[in-house]
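# Per-entry structural report
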Amino acid sequence: MKSAVILVSGRGSNMRAIVEARTGLEVKAVIANRPDAPALPWAVERGLATRVVDHREFATRDAFDERLALEIERLRPDLLLLAGFMRILGEAFIGRFAGRMVNIHPSLLPAFPGLRTHRRALEAGVKLHGATVHMVTAALDGGPIVAQGAVPVLAGDTEESLAARVLEVEHRIYPQAVRWFVEDRIESNGRDVVQVRGTGASHDWIVSPRNAE
Ligand code: GAR
């Protein structure tokens, strides 16, 4: 059985999607960098272990990273799943968990790394937008891609309507990617292109969540 620690900062809807998908993953703990993260009460209710490593209590980024790494290492997870974790982690931290750290980002990477992805997609006039599950490397939102899901950008879309459509796709592709890890079907050294054994492609193209049913 594969195990994971899930890192969150806020709402935790991707964490919920992963837990509810019953992938066979053992969630060793949910760790938040904010004590008021709404993800935490949900995790507690589900009987999951939770921890808070509040970034505001540390004088430097490195000190926060070090404490977070110690909390995680104590739990010895196979995977570290970032699910709406909104802190940039330093190179030393990333090196410690190289090849085991996975993130979900709300755009079709390499388009729109960083923040405000939905607004930037609307401003750029792209016709397809979506989400990406990728391995975490020192390059911000630049690690090897595990899965992607795409949605159309519709006339009249607002940042909110587009975000909601993308979020539906996030909730499909992140559990799917986790399932691949649990089934040991991911081939990755954490740096190069990810291959998924037993599927035709390492991308999960979904033009629209409804069409894909
Ligand atoms: C999600 O849309 C996720 O892709 C994004 O934050 C949201 C968290 O929602 N992550 C990033 O922007 C990472 N840079 P959630 O807390 O409901 O899962």
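The sections below set out a description of the structure shown in this document. (Residues numbered from 1 in each chain as written. Predicted model: local features only at pLDDT ≥ 70, side-chain atom pairs only at ≥ 80, totals over all residues. Heavy atoms only, no water.)

A few words now on the pattern of salt bridges. Tallied over the full model, the rule gives 13 salt bridges. For the salt bridge of Glu183 with Arg185, the shortest nitrogen-to-oxygen distance reads 2.7 Å. Taken together, the shared-partner salt bridges connect Arg51, Arg67, Glu71 and Arg74 into one network. (Salt bridge = Lys/Arg side-chain N within 4 Å of Asp/Glu carboxyl O.)

Here we take up the packing of aromatic side chains. Enumeration over the complete set of coordinates arrives at two aromatic pairs. Measuring from centroid to centroid gives 5.9 Å for Phe58 and Phe64, while their planes differ by 65°, and the two rings are edge-to-face. A relative accessible area of 3% places Phe64 in the buried class. On the basis of an interplanar angle of 45° and a centroid distance of 4.9 Å, the ring pair of Phe93 and Phe97 is categorised as tilted. On the accessibility criterion, Phe93 (2% relative accessible area) is buried. Accessibility expressed as a relative area gives 1% for Phe97, which makes it buried. It is Arg87 that lies over the ring of Phe64; its NZ or CZ is 5.9 Å from the centre. (Phe/Tyr/Trp six-rings, centres within 6.5 Å; stacked < 30°, edge-to-face > 60°. Buried < 20%, exposed > 50% of the residue type's maximum accessible area, 1.4 Å probe, protein only. Lys NZ or Arg CZ within 6 Å of the ring centre and 35° of its normal.)

Below, the discussion takes up the pairing of strand β7 (residues 145-152). With six of its eight residues buried, β7 lies for the most part within the structure. Sheet analysis places strand β6 (residues 128-135) next to β7, joined by seven bridges and oriented antiparallel. Opposite His134, over in β7, you have Ile145 as the bridge partner. (Helix = DSSP H or I, 4+ residues; strand = E, 2+ residues; numbered from the N terminus. Pairing = 2+ DSSP bridges.)

On to helix α5 (residues 117-124). Among the residues making up α5, those that are buried are Thr117, His118 and Ala121. Taken end-on, α5 shows its buried residues confined to a sector of 100°, consistent with a single buried face. Against β5 (101-105), β6 and α6 (159-182) lie the buried residues of α5. Positive backbone phi, approximately 75°, marks Gly125, located one or two places after α5. (Arc of directions from axis to C-beta. Contact = heavy atoms within 4.5 Å.)

In this model, α6 (24 residues) spans 34 Å end to end at C-alpha, consistent with the 34 Å of a helix rising 1.5 Å per residue. Of the residues trailing α6, Asp184 is marked for its positive phi of about 60°. (Expected span 1.5 Å × (residues − 1).)

Time to look at unusual backbone geometry. For the peptide bond that leads from Leu109 to Pro110, omega is 10°, which places it in the cis range. Inspection of the secondary structure puts Pro110 in the loop between β5 and α5. Although it is not a glycine, Phe112 adopts a positive phi angle of roughly 55°. You can see Phe112 is positioned in the loop between β5 and α5.

So far we have only geometry, and geometry alone does not tell us how the molecule works.
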